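What follows is the residue order along each chain.
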Amino acid sequence: MRVLKIDSIGGASGDMLLGALIGLGAEVGEIQTWIERLIPGHAKIAVEPVMSFGIQGVRAHVELLEHDHEHEHDHEHDHEHDHDHCHVPTHGSGHTHAHPHDHHAYREIRALIDRAGLPERARFLAQKTFRMVAEAEGKIHDREPDEVTFHEVGAVDSIVDIVGSCVAFDLLKIDAVQLGVIPTGSGQVHCQHGLYPVPAPATVELIRMGELRIDSRADEPFELLTPTGAALLGAWPRVQETIAGVVTRQSNAFGQRELLHRPNLLRAMLIEDETVREPSASSGGGDVVSEAACNLDDVSPETLGFVMEALFTAGALDVWQEAIVMKKQRLGVKLCFLCRKEDCSRLSGILFRETGALGVRFSTRERLTLTREERVITTAYGPVRVKIGHLPDGGTVCKAEFEDCRKLALQHGVPLRRIADEAERLFNRGK
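Residues numbered from 1 in each chain as written. Predicted model: local features only at pLDDT ≥ 70, side-chain atom pairs only at ≥ 80, totals over all residues. Heavy atoms only, no water.

Here's the deal with the packing of helix α5 (residues 120-141) against helix α6 (residues 156-171)
Next up, step 1: In the contact formed by α5 and α6, the axes pass within 8 Å of each other and the chain directions differ by 140°. Relative to α6, α5 is oriented oblique. Remark: the crossing between α5 and α6 carries right-handed chirality. Contacts between α5 and α6 pair R121, A122, L125, A126, T129 and F130 from the former with I159, I162, V163, C166, V167, F169 and D170 from the latter.
Next up, step 2: A class-by-class count of the residues in the contact of α5 with α6 yields ten nonpolar, one polar and two charged. (Axes fitted to C-alpha atoms, helices over the stretch in contact; angles between N-to-C directions. Helix = DSSP H or I, 4+ residues; strand = E, 2+ residues; numbered from the N terminus. Parallel < 35°, antiparallel > 145°, perpendicular 65-115°, else oblique. Left-handed = near helix turned anticlockwise from the far one by under 90°. Contact = heavy atoms within 4.5 Å. Nonpolar A, V, L, I, M, F, W, Y, C, P; charged D, E, K, R; others polar.)

Written out as structure tokens, the structure reads:
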């Protein structure tokens, strides 16, 4: 298992988390490619080296590419600061940040993410993050989540922070996060609806929803934990137990503001858990996995779809459904997933919590997997990812990524199979 361990003395915000993941090795160019699919020509991710309190690290921020120069100037001014704004997670100038075209309804952002064709895990985590923010705002303002309109969280730079962080999380193949205590800061913030104490109302609700452990001591009179930071940390899969393993990478990410008594620092480490020593699905060879199964006859198809996504996101190796006939001739579904033995209990908890099931069965399975990799093939219609499996005899097999083919087929009005065939043909010709 690959665990992201986060320790912070400067709080957490969207840009700090994005910077930390970039510092761990997530490629800025690849993240930017997905941001271009999401909102073409609107924003660029910039990363710079930083030295603060004698510690070296990186600082990430979003450069807006708007044609409205007045709007651009306001954003650039805000980027010189950090953490004292109610809903702006990465900037905060002490002024209300409310440009009319920065207001996006939750349903608009949800559709935007679905249309972008993001990698499935990144898409699910981004949708989950925005859903948490919508639910938090809805509770505060007594509205249904679909009726919520984001103000500052709907700004382009905040959307980039959230989606970019989820893409980076997926690129690094992180299984789960281990969190320490997160400082919240103190004082007051100017929100869209007035002056509020730190942490801001949405942040407090997200802390509760995500079960985050916080430090609210008042030595820094700024907003250190922002709504976006709290939402991302709450949305990412987590492990509570102590991790025994090897640190493979570390990074230090800094926020925009210089604090009074401490560096505005979030440290991240990638840990390979020593309890997992079997080959991963990408390394090839034989291994032993656990197969879980649960019979269900009272769960809606929509809920089953959500549970499948949640299991994949939490580290299941595969998830599927089988149609079955249960007692009294009731039609039902057998929900199954493959996982490492040490993940059985954690993943079963998701199934119990989301479906109301009272039991799950486990069996041990031997399997053989191919060594695999992923490449991007440039077709006449656009870039398409292909998954490549390496055969024992030295040959290869490849399969075009469905979501990439689907997006290009809709964009160009051609059959999906034509795009997949061309991507696979170009790979086979060039290998």
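Here's the deal with helix α10 (residues 344-355)
Note: α-helices contain 3.6 residues per turn, so residues at a spacing of three or four share the same orientation.
Next up, step 1: In a regular helix each residue adds 1.5 Å, so twelve residues correspond to 16 Å; α10 covers 16 Å between its end C-alpha atoms and thus fits that length.
Next up, step 2: Restricting attention to buried positions, one finds in α10 the residues C344, L347, S348, I350, L351 and T355. What you see down the axis of α10 is that its buried residues fit within an arc of 150°, all on one side. Opposite the buried face of α10, at more than 90 degrees from it, the exposed residues are S345 and R353.
Next up, step 3: Where α10 terminates, the next one or two residues include G356, which has phi positive at roughly 80°. (Expected span 1.5 Å × (residues − 1). Buried < 20%, exposed > 50% of the residue type's maximum accessible area, 1.4 Å probe, protein only. Arc of directions from axis to C-beta.)

Some details on the packing of aromatic side chains
Next up, step 1: By the definition in use, this model includes three aromatic pairs.
Next up, step 2: On the numbers, 6.5 Å between centres and 80° between planes, the contact of F337 with F362 is edge-to-face. Of this pair, F337 sits in strand β15 (residues 331-339) while F362 sits in strand β16 (residues 361-379), and the two are 25 residues apart along the sequence.
Next up, step 3: The class for F337 is buried, based on a relative accessible area of 0%. (Phe/Tyr/Trp six-rings, centres within 6.5 Å; stacked < 30°, edge-to-face > 60°.)

Concerning the environment of V156
Next up, step 1: Within the secondary structure layout, V156 lies in helix α6.
Next up, step 2: Judged by relative accessible area, V156 falls into the buried class, the value being 9%.
Next up, step 3: Sequence separation between V156 and A43 is 113 residues, and the spatial gap between their C-alpha atoms is 7.4 Å.

With respect to the pairing of strand β17 (residues 382-390)
Next up, step 1: Note that β16 and β17 share nine bridges and pair antiparallel. Across the sheet, the residue bridging to T379 is G382, located in β17.
Next up, step 2: Taking the residues that link successive antiparallel strands as the turn, the β16-β17 hairpin has two residues.
Next up, step 3: Where β17 meets strand β18 (residues 396-400), five bridges bridge the pair, whose relative direction is antiparallel. Residue V386 lies in a different strand from β18, and its bridge partner there is A400. (Pairing = 2+ DSSP bridges.)

Thoughts on the pairing of strand β3 (residues 55-64)
Next up, step 1: With ten bridges joining them, strand β2 (residues 43-52) and β3 adopt antiparallel strand pairing. Its bridge partner lying in β3, S52 is registered against I55.
Next up, step 2: Between β2 and β3, which follow one another and run antiparallel, lie two residues, and F53 among them has a positive phi close to 55°.

Looking at the state of the cysteines
Next up, step 1: Under the defined criterion, the tally for this structure stands at zero disulfides.
Next up, step 2: Cysteine C336 shares no disulfide, and the gap to the nearest cysteine sulfur, in C294, comes to 9.1 Å.
Next up, step 3: Classification of C336 as buried rests on a relative accessible area of 0%.
Next up, step 4: C344 takes part in no disulfide bond, and the closest cysteine sulfur, belonging to C339, lies 3.7 Å away.
Next up, step 5: Residue class for C344 comes out buried when judged on its relative accessible area of 11%. (Disulfide = S-S within 2.5 Å.)

Remarks on the pattern of salt bridges
Next up, step 1: Using the criterion set out here, one finds 22 salt bridges in the structure.
Next up, step 2: A salt bridge links R365 to E291; the shortest N-O distance between them is 3.1 Å. Of the two residues, R365 is situated in strand β16 and E291 in strand β13 (residues 283-296); the sequence distance between them amounts to 74 residues.
Next up, step 3: On the basis of relative accessibility, which here comes to 40%, the residue R365 falls in the partly exposed class.
Next up, step 4: With a closest N to O distance of 3.5 Å, K387 and E401 form a salt bridge. In this pair, K387 sits in strand β17 while E401 sits in the loop between β18 and α11 (402-412), placing the two residues 14 residues apart along the sequence.
Next up, step 5: One network of salt bridges, with partners in common, ties together D114, E120, R123 and E309. (Salt bridge = Lys/Arg side-chain N within 4 Å of Asp/Glu carboxyl O.)

Brief notes about the side chain of E205
Next up, step 1: Here E205 shows up in helix α7 (residues 201-210).
Next up, step 2: Look at E205 and you get buried, because its relative accessible area is 11%.

A word on the environment of G54
Next up, step 1: With respect to the helices and strands, G54 occurs in the loop between β2 and β3.
Next up, step 2: Classification of G54 by relative accessible area gives exposed; the value is 67%.

Some words on the confidence of the model for the protein chain
Next up, step 1: Residue-level pLDDT values for the protein chain average 83, and 85% of them are 70 or greater.
Next up, step 2: Averaged pLDDT values over the elements of the protein chain bottom out at 36 in helix α3 (residues 69-78) and peak at 96 in helix α1 (residues 14-23).
Next up, step 3: Residue range residues 67-101 is modelled with pLDDT below 50. Its contacts to residues more than four positions away, or to other chains, number 110 contacts. (pLDDT = per-residue confidence, 0-100.)

With respect to the nonpolar core
Next up, step 1: Core analysis: the largest hydrophobic core is formed by 84 residues, its most contacted members being L4, L21, I31, V163, L233, W236 and F337.
Next up, step 2: Those residues within four positions of V163 in sequence are excluded, and the remaining contacts are I35, L38, I113, L118, A126 and F130.
Next up, step 3: By size, the runner-up hydrophobic cluster in this structure holds 16 residues, among which are Y381, I388, A423 and L426. (Core = buried A, V, L, I, M, F, W, Y, C linked by side-chain atoms within 4.5 Å.)

Regarding unusual backbone geometry
Next up, step 1: The omega angle of the peptide bond from V198 to P199 is 0°, so this bond is cis rather than trans.
Next up, step 2: Within the secondary structure, P199 is located in the loop between β9 (194-197) and α7.
Next up, step 3: Positive phi, close to 55°, is recorded for K173, a residue that is not glycine.
Next up, step 4: Phi is positive for K328, close to 60°, though the residue is something other than glycine.
Next up, step 5: Structurally, K328 can be placed in the loop between β14 (318-325) and β15.

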